[in-house]
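# Structural description and commentary
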Amino acid sequence: MKYNRQLLELMCGIFGCIADDAAAMVLEGLRKLEYRGYDSAGLAAIFSPGDSSPIETEKTTGYVSELVSKVNGRFDGAKISIGHTRWATHGGVTDQNAHPHSSNDGNITIVHNGIIENSAELSNRLNNLGYSLSSETDTEVIVHLLDHEIKTQPDGLLILDAFCTVISKLRGSWALAAIVSGHEGILVSRSGAPLVIGRGEAGISVSSDVLPFYGACSEVAYMNDGDNFLLTTNGIVAQDDVEKPTFEALEGVYDEEDPGIFPHMMLKEIHDQPTSLSNVLSGRISADGVNAELSGFDLSPAEIRKLERINLVACGTAYYASEIISSYIRKFTCIRSEAFIASEFPAKSVCSQNTLTIGVSQSGETKDTLDALFEAKKYGSNVSSLCNVIGSTMSRMTGNGAYLHAGPEFAVASTKVFSNMVAAGLLFALTISDIPNLEKKKLVQDLRKLPNIISSQLIDADEAIEQAANLILENGPPIFIGRGGLSSYIAKEGALKMMEISYIPCISLPGGELKHGPIALITQGSPVVALVPSDSKLNLMETSIRECKSRGAKIILITDSEGPISELADILIQTTQTHPDLSPFTHIIPIQLLAYQVGVEKGVNVDRPRNLAKSVTVV
Ligand code: F6R
């Protein structure tokens, strides 16, 4: 797929289908796409394709489950249906702004992912033509433009021609699906937001990603930017000079969002880590247990060693993982390496032909990261990715790199993928490193033991985590501190995790920075979460902790040390000792559990915290 910067503003989830029970399939598809946004949901359906009465729609704020209740079987047996799950950008979270949007006569209805940049201009044009808009969205203009076009187009032209004319007037990004009463089929258009067509015995469908197709379709075709089609039961209709997409067999299985014995997906995913870590390591360590062998990169380790620098670009949790990965690269090679928040990437200053820029991402759809990779490419850098979602835009755009093999991550707060990012990054750093074999062997040996270590930590931690959660709930926002690169990055990730699923504002900083200002926040009882692996910074961390304690702070100490440092703890969370370079893996587990516990006790929907989406596809 050719990557175009303008064409990557993606968002929300859309699903459409032509089948015997199309609306049921759409509701099921939306449930599987809900990770893309869950502010509101809606669907539209045509029961009898030749019938030209207005299209039935239903929409609601809230989750897809709320839409299912509202629909209450009313759409059973519909033959054509489209639906949408929304992450609001233009206009608040209201029923009115939820998709689908319909023409004033109700004969056309549309769902859209993306941003129509010229919606204000188009809206003025529509007002002059006598149309009134009823929502605050940028999407609604499209449905009225289509209405106008269909009503005014010359005889002999097809509905697809009217659709293409409307598309030619749009600027911005979109994945669109539209249905028109009296017409069989679903009009679809892709420009910067993903759309995949699936077909199987049940019928033909279109979706924001392949997840809903597992079990329902045998073949898929990825639409390209610029594609506009009419999907019908007889296949895909394209305009005369346009190539139709090619179908390929759909392989793999859909991993159901099922927490099993756990109350939430987030807790399940935290507990998945022994398995997901085994998976990311599997086949990537040499048979003699000495070397890491992470393959999949266009450049060989020898070529990478000659580079001037390696940039990592990522956002949020993936950025904190990237900071740790950069530390590993700096430590195990002589190559300069730096992690950048993707939306702040100074490509011009740090990219050239002699550099490699790696996008690190769970979803592979994060627009800020895709943009940074695009900029990197523009300035001549080689690009690769460390990505979890197979076939994602990022993995297809870079065309090389390694998958994280964490399995699907459904909870919005990233947990197991963070660990797999760090593991894949460590494997990468070791693969390209030329440190002595003995040093490498020691680390690789301990790396192989990690899944077991994590597994035992997950069994032991509960009581201290509960006490720590209560301390935070009773005494107010915690400050996370660490020192020495790895731990201060874990501290940052801890603060992010706590904020996103407990809504408690948190700060994090390297311990040494406390005295330069933030220590002013500490009063009697303030919780401080201190990350203290047994590494060369342990003594300095002790100093930072004493500084906090002497001002009344209560210390939640996360450490693998069995030495005197533990006496400084008000609450001690003991982790298992491992190689100091592997402390991020052992220390992130209690951090994730603590955030989870606080979120649950505050009554937050930890799997779907407010205002967030699993795949952040807008700038
Ligand atoms: C936090 C979280 C986000 C993502 C970020 C990047 O728990 O999940 O901070 O890490 O939005 O997403 P990806 O990794 O999909 O690029």
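Please read all numbers here as calculations on a predicted model, not as lab measurements.

Helix and strand counts for the protein chain stand at 18 helices and 24 strands. The C-alpha atoms of the protein chain give a radius of gyration of 26 Å, which matches the 25 Å a tight globule of 619 residues would have. Structurally, the protein chain occupies a C-alpha span of about 85 × 55 × 45 Å along its principal axes. A total of 619 residues make up the protein chain; the buried ones form 61% of that total. Sequence separation of at least 24 residues holds for 73% of the intrachain contacts in the protein chain that already meet a minimum separation of 6. When the accessible surface of the protein chain is split by element, carbon and sulfur atoms take 48% of a total near 23100 Å². Each charge class in the protein chain can be summarised by its mean position, and for the 49 positive and 73 negative side chains these summaries are 7 Å apart.

This paragraph deals with a negative patch on the surface. On the surface, a cluster of negative charge is contributed by Asp462, Glu463, Glu466 and Glu601. On the basis of relative accessibility, which here comes to 62%, the residue Glu463 falls in the exposed class.

Turning our attention to the domain arrangement of the protein chain. Often, the extent of an interface is quoted as the loss of accessible area on bringing the components together. Each assigned domain of the protein chain is listed here: domain 1 (5-249), domain 2 (257-459) and domain 3 (460-619). On a C-alpha basis, the centroid separation for the pair domain 1 and domain 3 is 44 Å.

Counting through the fold element by element, Gly182 comes out in the loop between β7 (172-180) and β8 (186-191). By relative accessible area, which is 33% here, Gly182 ends up partly exposed. Here the alpha-carbon distance between Gly182 and Lys306, two residues 124 residues apart in the chain, equals 63 Å.

This brings us to the sheet that holds strand β2 (residues 40-46). In sheet architecture, strand pairing relies on hydrogen bonds along the backbone and comes in two forms, parallel and antiparallel. Across the sheet, which stays open at both edges, the eight strands sit in the order β3-β2-β4-β1-β10-β9-β11-β14 with antiparallel pairing between neighbours. Because the sheet does not close on itself, it has two edges, and the strands there are β3 (56-61) and β14 (248-249). Both strand β9 (residues 196-200) and strand β11 (residues 219-222) contribute to a ladder of four bridges, which runs antiparallel. Looking at the pairing, Val196 lines up with Tyr222 of β11. Set on the sheet, helix α1 (residues 22-33) makes contact with β1 (13-19), β2, β4 (80-86) and β10 (203-207); between it and β1 the angle comes to about 155°. Along the sheet, helix α2 (residues 64-71) makes contact with β2, β3 and β4, crossing β3 at roughly 135°.

Turning our eyes to something else, we now look at the nonpolar core. Formed by 90 residues in total, the largest nonpolar core has its most connected members in Leu386, Phe428 and Phe585. A total of 12 residues in this core trace back to one element, the largest contributor, which is helix α13 (residues 416-432). When we break this core down by domain, the ones giving at least three residues each are domain 2 (257-459) and domain 3 (460-619). Discounting residues that sit within four places of it in the chain, Phe428 has contacts with Leu294, Phe297, Ile304, Ile310, Ile329, Leu356 and Ile358. Counting 26 residues, the second largest nonpolar core, distinct from the first, contains Leu27, Leu33, Leu43 and Phe213.

Glancing now at the site of the ligand. As a structural note, the neighbourhood of the ligand is formed by 14 residues, with Ser361, Gln362, Ser363, Thr366 and Glu500 the closest of them. Note that an oxygen atom of the ligand is positioned 3.5 Å from one of the backbone N or O atoms of Val412. Burial of the ligand by the protein amounts to 89% of the accessible area it has alone, namely 410 Å². Listed by contribution, the elements that provide at least two residues to the shell around the ligand are α9 (316-332) and α16 (486-502). When its residues are assigned to classes, the shell around the ligand shows five nonpolar, seven polar and two charged.

This part covers the environment of Leu129. Tracing the sequence through the fold places Leu129 in the loop between α3 (119-128) and α4 (140-152). On a C-alpha basis, the gap between Leu129 and His148 in space is 8.6 Å, while along the polypeptide they are 19 residues apart.

A few words now on the packing of aromatic side chains. Tallying each qualifying case throughout the model produces six aromatic pairs. Ring geometry for Tyr319 and Tyr320: centres 5.5 Å apart, planes at 55°, overall tilted. Taking relative accessible area as the criterion, Tyr320 reaches 17% and is therefore assigned buried. Cation over ring: Arg396 sits above Tyr222, and NZ or CZ is 4.6 Å from the ring centre. When the ring centre of Tyr503 is taken as origin, the NZ or CZ atom of Arg610, which lies over that ring, is 3.7 Å away.

Take the pattern of salt bridges next. Side-chain pairs of opposite charge can arise where the charged atoms are in close proximity. Taken as a whole and judged by the stated rule, the model has 27 salt bridges. Of the charged contacts, one joins Glu121 and Arg171 as a salt bridge, the two residues approaching to 3.8 Å between their closest N and O atoms. Of the two residues, Glu121 is situated in helix α3 and Arg171 in the loop between α5 (159-168) and β7; the sequence distance between them amounts to 50 residues. When its relative accessible area of 45% is taken as the criterion, Arg171 is described as partly exposed. Three or more residues are tied together by salt bridges with common partners; here these are Glu56, Glu58, Lys70, Arg74 and Asp95.

Before going further, it helps to examine α9. Counted at 1.5 Å a residue, the expected span for α9 with its 17 residues is 24 Å, and the 25 Å between its end C-alpha atoms agrees. Taken across its 17 residues, α9 has 14 buried, putting it largely inside the fold.

So, about the side chain of Thr137. Here Thr137 lies in the loop between α3 and α4. Classification of Thr137 as buried rests on a relative accessible area of 7%. A polar contact is formed between the side chain of Thr137 and the backbone nitrogen of Thr139, at a distance of 3.5 Å. Within the local environment of Thr137, its side chain forms a polar contact with the backbone nitrogen of Glu140, the two atoms lying 3.3 Å apart.

Right, let's talk about the packing of α1 against α2 for a bit. At their nearest, the axes of α1 and α2 sit 9 Å apart, and the two run at 160° to each other. With respect to each other, α1 and α2 are oriented roughly antiparallel. For the crossing formed where α1 meets α2, the hand is left-handed. Facing Leu27, Leu30 and Arg31 of α1, the residues of α2 in contact are Val64, Leu67, Val68 and Val71. Looking at the contact of α1 with α2 residue by residue, the class counts come to six nonpolar, no polar and one charged.

On to the pairing of strand β23 (residues 554-559), then. Along β23, five of the six residues are buried, which leaves the element largely enclosed by surrounding structure. With six bridges connecting them, strand β22 (residues 527-532) and β23 associate as parallel partners. Bridging across to β23, Ala530 finds its partner in Leu557. Handedness of the β22-helix α17 (residues 538-549)-β23 crossover: right-handed.

So, how was this worked out
The residue numbers shown here count from 1 along each chain, following its written sequence. Reporting of local features is limited, given that this is a predicted model, to residues whose pLDDT is at least 70; pairs of side-chain atoms are given and counted only at 80 or more, and all residues count toward the totals for whole chains, interfaces and linings. Each side-chain value is derived from all of the structure's non-hydrogen atoms; neither hydrogens nor water enter the calculation. Here a strand is any run of E in DSSP of at least two residues, a helix any run of H or I of at least four, and the numbering for each starts at the N terminus. When we talk radius of gyration, it's over C-alpha atoms, and the globule rule is simply 2.2 Å times the number of residues to the 0.38. The cut-offs for exposure are 20% and 50% of the maximum accessible area for each residue type, with area from a 1.4 Å probe on protein chains only; residues under the lower value are buried, those over the upper are exposed, and the others partly exposed. Contact definition: two residues touch when any of their heavy atoms are within 4.5 Å. Here the Shrake-Rupley method, with its probe set to 1.4 Å, supplies the accessible areas, and only the displayed protein chains count as covering residues. This count recognises Lys and Arg as positive and Asp and Glu as negative, with His and chain-terminal groups excluded. Throughout, a charge is located at the NZ atom of Lys, the CZ atom of Arg, the CG atom of Asp or the CD atom of Glu. Put simply, a patch holds well-exposed residues, over 30% relative accessible area, that have no salt bridge, with like charges counted together within 9 Å and Val, Leu, Ile, Met, Phe, Trp or Tyr side chains within 5 Å. Any carboxyl oxygen of Asp or Glu that lies within 4 Å of a side-chain nitrogen of Lys or Arg is treated as forming a salt bridge with it. Note that domain bounds follow an automatic or database assignment of domains. Whether two strands pair comes down to DSSP finding at least two bridges between them. Throughout, an axis means a line fitted to C-alpha atoms (over the contacting stretch in the case of helices), and angles, computed between N-to-C directions, take values from 0 to 180 degrees. In plain words, nonpolar cores are sets of buried Ala, Val, Leu, Ile, Met, Phe, Trp, Tyr and Cys residues tied together by side-chain atoms within 4.5 Å. The near set for a molecule or strand comprises every residue that places at least one heavy atom within 4 Å of it. Any pair of N or O atoms that falls within 3.5 Å is considered a polar contact. Within protein, one atom must be able to donate a hydrogen and the other to accept it, and sequence-neighbouring residues count only if both atoms are side-chain atoms. Each residue gets one of three labels, nonpolar for Ala, Val, Leu, Ile, Met, Phe, Trp, Tyr, Cys and Pro, charged for Asp, Glu, Lys and Arg, and polar for the others, Gly among them. When two rings of Phe, Tyr or Trp (its six-membered ring) have centres within 6.5 Å they constitute a pair, described as stacked for plane angles under 30 degrees, edge-to-face for angles over 60, and tilted for the intermediate range. Lysine NZ or arginine CZ positioned within 6 Å of the ring centre and within 35 degrees of the ring normal marks a charge as sitting over the ring. By definition here, a helix of n residues has an expected span of 1.5 Å times n minus one. To sort the angles, those under 35 degrees are grouped as roughly parallel, those over 145 as roughly antiparallel, those from 65 to 115 as roughly perpendicular, and the leftovers as oblique. Two helices cross in a left-handed way if the nearer one is turned anticlockwise from the farther one by less than a right angle. They cross in a right-handed way if the turn is clockwise. For a crossover, the right-handed case is the one in which the path from the first strand over the helix to the second runs clockwise, viewed with the strands pointing away from the viewer.

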